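Secondary and tertiary structure notes
Each chain, letter by letter, is given below.
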Amino acid sequence: DTEVTQTPKHLVMGMTNKKSLKCEQHMGHRAMYWYKQKAKKPPELMFVYSYEKLSINESVPSRFSPECPNSSLLNLHLHALQPEDSALYLCASSRSQGGSSYEQYFGPGTRLTVT
Amino acid sequence: EDQVTQSPEALRLQEGESSSLNCSYTVSGLRGLFWYRQDPGKGPEFLFTLYSAGEEKEKERLKATLTKKESFLHITAPKPEDSATYLCAVQASIRGYQKVTFGTGTKLQVIP
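Glancing now at the packing of aromatic side chains. Under the defined criterion, the tally for this structure stands at 10 aromatic pairs over all chains. Both rings, one in Phe-106 of chain A and one in Tyr-36 of chain B, keep their centres 5.5 Å apart while their planes meet at 90°; by these two values the pair is edge-to-face. Pair noted here: Phe-106 of chain A is in strand S10 (residues 105–106) and Tyr-36 of chain B is in strand S4 (residues 30–38), and the two residues belong to different chains. Tyr-36 of chain B gets classed as buried once you look at its relative accessible area, which sits at 2%. With a centroid separation of 5.9 Å and an interplanar angle of 70°, the aromatic rings of Tyr-36 of chain B and Phe-46 of chain B are classed as edge-to-face. Here Tyr-36 of chain B, found in strand S4, pairs with Phe-46 of chain B, found in strand S5 (residues 45–50); they are 10 residues apart in sequence, far enough to count as distant. Since its relative accessible area comes to 18%, Phe-46 of chain B is described here as buried. An aromatic cluster is built from Tyr-33, Tyr-35, Tyr-105 and Phe-106 of chain A together with Phe-34, Tyr-36, Phe-46 and Phe-102 of chain B, whose rings are joined through pairwise contacts.

Now the structure itself:
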């Protein structure tokens with residue numbers, strides 16, 4: 001099973017709202033990722049968690065706050081977003097980070113619209 | 001800086017018309033090259049990993065090859081269901097972190 005699940009599928013939020021995106025995998029992967037993808041663009045890396053610790057933050061604004069409660073779950077907390085943050089948010093996981101090279105498995109994404 | 005360039009940006013094929021997609025890369029210390037397929041509004045679906053020049057991988061109508069500077073995704077006798085955006089990504093080791101850089105993709109349309 002190579003499934004990564006994400007909820008919700010769609011989210012509309014105002015600029016003053018607080019919301020969270022959720023991601024789950026049961027493949028025993030120890031690395032998890034958040035990506036942002038705008039229309040007709042490739043996925044853009046936001047955060048990397050390795051063994052439940054944040055290892056990479058690609059200079060993402062503080063209005064995005066990641067959290068990794070355990071090895072299977074990854075959250076992205078959203079607060080005071082801007083309309084330009086509207087995008088498809090993708091979660092991915094891989095066997096590990098560092099050392100060998102492993103492919104990433106992506107979830108279906110959350111389509112976020114900020115009004 | 002690592003760079004990944006895919007060509008063409010878009011490709012329109014008749015059903016059964018074979019062709020190739022190109023992924024050129026400039027990266028220090030390549031650890032792996034990945035091909036993904038992405039349908040509109042969905043997450044990328046993993047297809048292949050290639051690790052070293054000369055390596056080839058096949059899956060149904062798709063065959064991926066790798067040289068020291070580029071990778072090709074060959075599509076043999078495509079069907080309409082092969083229509084999607086195909087993304088290439090390279091992985092390099094930077095300060096112990098495996099960084100993945102995606103290309104901008106090739107949008108393939110297969111016409112019945």
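This part takes up the state of the cysteines. In the structure shown here, the tally under the stated rule is 2 disulfides over all chains. Each disulfide pairs two cysteine sulfurs, and for Cys-23 of chain A the partner residue is Cys-91 of chain A, the sulfurs being separated by 1.8 Å. Across the S-S bond of Cys-23 of chain A and Cys-91 of chain A the torsion is about -70°, and the bridge reads as left-handed. Remark: Cys-91 of chain A occurs in strand S9 (residues 87–94) and Cys-23 of chain A occurs in strand S3 (residues 18–25); sequence separation between them is 68 residues. For the residue pair Cys-23 of chain A and Cys-91 of chain A, the accessibility class agrees, reading buried in each case. The disulfide that involves Cys-23 of chain B links it to Cys-88 of chain B, with 1.9 Å between the sulfurs.

What counts as what
- Residues numbered from 1 in each chain as written.
- Chains lettered and ligands numbered in written order.
- Predicted model: local features only at pLDDT ≥ 70, side-chain atom pairs only at ≥ 80, totals over all residues.
- Heavy atoms only, no water.
- Phe/Tyr/Trp six-rings, centres within 6.5 Å; stacked < 30°, edge-to-face > 60°.
- Helix = DSSP H or I, 4+ residues; strand = E, 2+ residues; numbered from the N terminus.
- Buried < 20%, exposed > 50% of the residue type's maximum accessible area, 1.4 Å probe, protein only.
- Disulfide = S-S within 2.5 Å.

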